[in-house]
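# Observations on the three-dimensional arrangement
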Amino acid sequence: MPAERKSVQARPDAASHEVRRRVRLVGLIALGLGVLFVLISAFWVGGRAIAAKTALERAQSQLTTFKSSIGRSGGPSTMQLYSSVVANTDLAAAQVDDPVWRLYEGVPGVGPNLKAFRRIAQVLDTVVRTGVRPVAKVGDGISIDSLKPVNGALDIAPLRRLGPAVAKLDTALRVADAATGRINTRGTLPQISSTVVRLRSTIGTLLPVTGELKKVAPLLYPALGGGERRHYVLMFQNNAEERAGGGNPAALAELKVSNGKIQLGRQPNSQEVPHPFSKPLVTYGGDWDKLYGPHTSTYLTNFSFTPDFPATAQMVSAMWLQLYKQPIDGVISVDPVALSYLMRATGPIPIGHGVTLTSKNAVRFLLSDVYKRFPDSHLQNALFSSAAKSIFKAVSSGQGSPKAYVQQLAPMLKEQRLKVWSARPAEEAALLDSPAGTMLPADNRVKTTFGAYYNDDSTSKMSYYMDATVGVAAKVCRSSKPSYTVTTKVTNTLKASEVAGLPKYVLAGQSRIPVGGDRQWVQLFGPVGAKLGSVTIDGRTVRWGTNIDYKLNTNPRATGVDDLKPAVHGDIYGRPVAVVSIKMGPEQSRTVVAHFAGGTDLSSKLAVSHTPKVRAVPVTITHTPCG
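One structure accompanies this document, and this report is about it. (Residues numbered from 1 in each chain as written. Predicted model: local features only at pLDDT ≥ 70, side-chain atom pairs only at ≥ 80, totals over all residues. Heavy atoms only, no water.)

### Side note on the nonpolar core
The biggest cluster of nonpolar side chains holds 68 residues, and the ones touching the most others in it are Ile 351, Leu 357, Phe 365, Met 462 and Val 580. Looking at this core, the element that brings in the most residues is helix α10 (residues 362-373), giving seven residues. The residues touching Val 580, leaving out its near neighbours within four places in the chain, are Gln 520, Trp 521, Val 522, Val 535, Ile 537, Val 542, Trp 544, Ala 567 and Val 592. The next biggest cluster of nonpolar side chains, apart from the first, holds 34 residues, and it includes Val 233, Phe 305, Met 315 and Tyr 453. (Core = buried A, V, L, I, M, F, W, Y, C linked by side-chain atoms within 4.5 Å. Buried < 20%, exposed > 50% of the residue type's maximum accessible area, 1.4 Å probe, protein only. Helix = DSSP H or I, 4+ residues; strand = E, 2+ residues; numbered from the N terminus. Contact = heavy atoms within 4.5 Å.)

### Re the sheet that holds strand β8 (residues 448-456)
Reading across the sheet, the five strands line up as β14-β15-β11-β8-β17 and stay open at both edges, with mixed pairing between neighbours. In this open sheet, the two edge strands, each paired with only one partner strand, are β14 (568-572) and β17 (606-610). On average, each strand axis in the sheet is inclined to that of its neighbour by 20°, with strand direction left out of account. By the bridge criterion, five bridges tie β14 to strand β15 (residues 575-584) in an arrangement that is antiparallel. Of the residues in β15, the one forming a bridge with His 569 is Ala 578. (Pairing = 2+ DSSP bridges. Axes fitted to C-alpha atoms, helices over the stretch in contact; angles between N-to-C directions.)

### Considerations on the sheet that holds strand β10 (residues 483-492)
Read across the sheet, six strands follow the order β13-β12-β16-β10-β9-β18 without closing on themselves; strand pairing throughout is mixed. Every interior strand has two partners, whereas the edge strands, β13 (540-541) and β18 (619-623), have only one. Relative to strand β16 (residues 589-597), strand β12 (residues 531-537) runs antiparallel, the two being bridged by five bridges. Its bridge partner being in β16, Lys 531 is matched across the sheet by Ala 597.

### Comments concerning the pairing of strand β4 (residues 330-334)
Within a regular strand, side chains alternate between the sheet's two faces. For β4, the tally of buried residues reaches four of five residues, placing the bulk of the element in the interior. Across five bridges, the pairing between strand β1 (residues 230-243) and β4 is parallel. Paired with Phe 236 across the strands is Val 334, a residue of β4. For β4 and strand β7 (residues 419-422), the ladder comprises four bridges, and the chain directions are antiparallel. Residue Gly 330 lies in a different strand from β7, and its bridge partner there is Ser 422.

Here you go:
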C-alpha cells in the first residue's frame with residue numbers, strides 16, 4: 001500500500017515538471033524572439049537613420065548649388081535642381097516616418113535623439129516643398145542678365161510672379177522657425193542639438209531677407225509700368241550745398257515708365273520754377289514752421305531742408321502738379337556720390353565740353369571742379385543736364401553688368417543716398433519699412449535712432465569742404481531714465497591758402513561769414529518720446545529763441561540772434577529736436593552737444609541717421625557705466 005501511494009503521487013509531479021519545462025522553453029523562445037525583434041528593429045531603425053542622414057547631407061549640398069544657381073546666367077535649371085533636392089528630403093522624411101521608428105522614440109536614452117531627428121527631417125522637407133519649389137518655378141530659366149534693358153526696356157513679366165513666390169518662401173521659413181523652436185533637444189547627443197541650433201540660425205539669417213523681399217517684390221512689376229504707365233520725378237541732390245536730406249535738389253528729371261520701358265521727360269531746374277512760390281506748396285502742423293521756416297516749402301532749393309523724405313517728396317509732387325498739371329506716381333532721389341557708384345557699373349561716360357565722368361572723378365567734378373572750370377551758371381546747368389541724360393542713357397541701354405548695378409544698391413541704401421516715395425498708400429507703407437523710404441524710423445522698437453543733420457545757410461557751394469563726426473554716449477540704468485549725449489563736430493577742411501583759388505560762386509557771400517567760411521543749421525534729433533535737455537556750442541550753453549525766422553523771434557538774448565539766426569527747439573515726428581546755427585572759417589571746427597532723456601519703447605540697439613555728406617561721416621556709439 002505505501003508503495004502504491006508513492007507511485008500515484010509521482011505522476012502529478014512528473015506532469016508538473018513537464019509543464020514547467022515547456023513554459024521555460026516557450027519563455028526562452030519568446031525571449032529569443034524578443035531579442036531577435038529588438039536586434040532586427042534596432043538594425044532597421046539604425047539603417048533608416050543612416051539612409052535619412054545620407055539623404056539630408058545630399059540635400060544640403062544640392063541646396064547650396066540651388067542657391068548659387070538662382071539668377072546665374074548659364075546656370076542649371078532651378079526646377080531640375082529642386083527635383084533632386086526634394087527627392088532627398090522626401091527620402092529622409094519617409095525613412096523616419098515609420099511605426100518602428102516611433103516605437104523607439106519612447107525608449108530612454110535613444111528616444112529623444114530619434115524624435116528630434118525626425119522633426120528635423122520633416123521641417124526641411126516641408127520648407128523645400130512649400131517654400132523652395134515656388135522660387136524654383138519662377139526662377140527657372142531667368143538670370144540677372146535677363147533683366148538687362150534691351151532697346152531701353154526691361155522684361156518685367158517674370159517680376160509679376162516673383163511676389164507670390166517670395167511670399168510663400170517667407171511663410172515656409174517662418175513656419176519652419178516656429179517648428180524648429182519646438183524641437184526638444186534635452187537629453188540628445190551634441191550632434192543632434194547642434195544641428196537644431198544651426199538650422200534655426202540659418203533660418204534666422206534668411207528671414208530678414210525674405211521679409212524685405214516679401215514687401216518689395218510685389219511693388220516691382222507695377223512700379224515699372226506693368227499694367228499702367230507711371231510718371232516719376234528723379235531728384236538730384238547737390239551735396240556741395242548741403243541739406244538735411246542730402247543737398248540742394250535744384251535739378252529734376254521726369255521719368256515715364258510703361259511696361260518696363262523708361263523714357264526721359266522734362267528736366268526743369270531751380271531757375272525755371274518760381275522762387276519763391278507765392279504760398280507754401282504743402283503745410284505741416286506742429287512745430288514745422290518754428291523749426292524750419294516758411295522758406296522750406298516755398299523754394300525748390302529748400303525742399304530737402306527736412307530729413308523727412310516723404311515730406312520732401314510731397315512738396316515736389318505738389319510743385320509738379322501746380323506747374324505742369326500732371327500728377328506724379330513717385331519721387332526718386334539720388335546724389336552725385338550715388339551716381340559715382342552707378343558708374344562703377346557703366347564705366348566712363350562722356351558728357352561734352354571735353355569732360356568724361358568716371359566713378360573716381362564724378363563726385364569731385366560735379367561738386368567742385370565744375371564751378372572752377374566753367375564759371376558760367378548756364379553752362380554748369382547744361383553740364384548737369386548732360387550728365388543726367390548721359391548716365392540715364394547708359395543705364396537704360398544696358399551698358400554694364402546688371403549684377404554690378406545690384407551690388408551698388410547696398411552702399412547707396414546704407415549711406416542713405418537713394419530714397420524713394422510713392423503716391424500710392426500701400427506702396428508707401430512698404431517703402432517706409434525699408435531703408436529707401438525715410439531717414440528716421442517712426443518709433444524706437446527696432447533701433448533707438450538719433451539724427452544729426454546739416455543745412456547750408458550761406459547760399460554757397462562750401463559744403464563740399466565740410467566734414468563731420470557724430471558720437472552718441474548712452475547711459476541706461478535701471479534706477480533712472482535712460483540718458484543720451486549726442487555730439488557732432490563740423491570741420492571746414494578748406495585751407496586758408498586755397499581760398500584765393502575759389503570762384504565767387506563757390507564762396508559764401510554774406511558779410512557775417514568769414515571769407516572761405518561757411519554757416520550751417522545743425523539739427524539734432526533725439527529718440528521718439530524723449531525730452532531735450534541742455535545744448536552747447538563749443539561748450540557755451542544755448543539760449544533758445546522762439547522761431548527760426550529772426551523776425552518772428554521774441555527772445556532778444558537767443559543764441560545766434562546777433563547773426564539773425566536764433567536757435568530753436570521743438571518736437572516733430574514725435575521726437576525732440578534742437579536747431580542751432582554755426583559758422584566757421586577755413587580750417588576751423590564747431591562742436592554741438594545735445595542731451596536727451598527717456599523715450600518710448602526703447603530698443604537697446606542704438607543707431608545714428610545723418611545727412612549723406614560728400615565724404616563719410618564717422619559715427620561712434622559708447623555706453624557710460626552706471627554708478
